[in-house]
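Summary of structural features
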Amino acid sequence: MKLITKDYLLLQLAEFFEGDSSMADEWLHTPLPILGGKRPTDFTDTEERRQRLLDIIGEMRFGEMA
């Protein structure tokens, strides 16, 4: 299983936003209901929480979120 580092998470986020760093930064710093009103940037401290963010990015990528 691949170690989910903060760098890997940021690469996936950059890919999702097609290299638009301002959009990625805005997403990281915007409170999200799916995270209980917390910001994604607050979820980068552990691998488990980074996995949660990757799951959310995957849901956004495949249109599974409202």
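Here the structure is a predicted model, which is why all the values come from computation and not from measurement.

Conventions and cut-offs
- Residues numbered from 1 in each chain as written.
- Predicted model: local features only at pLDDT ≥ 70, side-chain atom pairs only at ≥ 80, totals over all residues.
- Heavy atoms only, no water.
- Salt bridge = Lys/Arg side-chain N within 4 Å of Asp/Glu carboxyl O.
- Buried < 20%, exposed > 50% of the residue type's maximum accessible area, 1.4 Å probe, protein only.
- Core = buried A, V, L, I, M, F, W, Y, C linked by side-chain atoms within 4.5 Å.
- Helix = DSSP H or I, 4+ residues; strand = E, 2+ residues; numbered from the N terminus.
- Contact = heavy atoms within 4.5 Å.
- Axes fitted to C-alpha atoms, helices over the stretch in contact; angles between N-to-C directions.
- Parallel < 35°, antiparallel > 145°, perpendicular 65-115°, else oblique.
- Left-handed = near helix turned anticlockwise from the far one by under 90°.
- Nonpolar A, V, L, I, M, F, W, Y, C, P; charged D, E, K, R; others polar.

Note on pairing: side chains with opposite charge can pair once their charged atoms come close. The tally for this structure, following the rule as stated, stands at 3 salt bridges. With its nearest N and O atoms 2.8 Å apart, the salt bridge here joins D42 to R39. Using a relative accessible area of 32% as the deciding quantity, one classes R39 as partly exposed.

Among the nonpolar cores identified, the biggest contains 14 residues, and L13, W27, L35 and L53 are the most heavily contacted of them. For this core, the secondary structure elements donating two or more residues are α1 (6-16), α2 (21-28) and α3 (47-61). Take this core: its biggest share by element is 4 residues, from α3. Residues within four places of L13 in sequence aside, it is in contact with A24, W27, L28 and I57.

As a further point, take the environment of L11. Relative to the helices and strands, L11 resides in helix α1. C-alpha of L11 to C-alpha of E48: the two residues are 37 residues apart in sequence and 17 Å apart in space.

Running from N to C, α1 and α3 point in directions that differ by 15°, and their axes come no closer than 10 Å. Taken together, the axes of α1 and α3 are roughly parallel relative to one another. Taken as a pair, α1 and α3 cross one another with a handedness that is left-handed. Here α1 contributes K6, Y8, L9, Q12, L13, E15 and F16 to the contact with α3, which in turn contributes R50, L53, L54, I57, M60 and R61. Partitioned by chemical class, the residues of the contact of α1 with α3 number 8 nonpolar, 1 polar and 4 charged.

This part is about the environment of F17. Turning to its location among the elements, F17 is positioned in the loop between α1 and α2. A sequence separation of 44 residues divides F17 from R61, and the C-alpha atoms of the two residues are 9.6 Å apart. Not counting residues up to four positions away in its chain, the partners in contact with F17 are M23, A24 and W27.

What follows is about the environment of I56. One can find I56 in helix α3. We classify I56 as buried; its relative accessible area is 0%. Sequence separation of I56 and I34 is 22 residues, and the distance between their C-alpha atoms is 8.5 Å.

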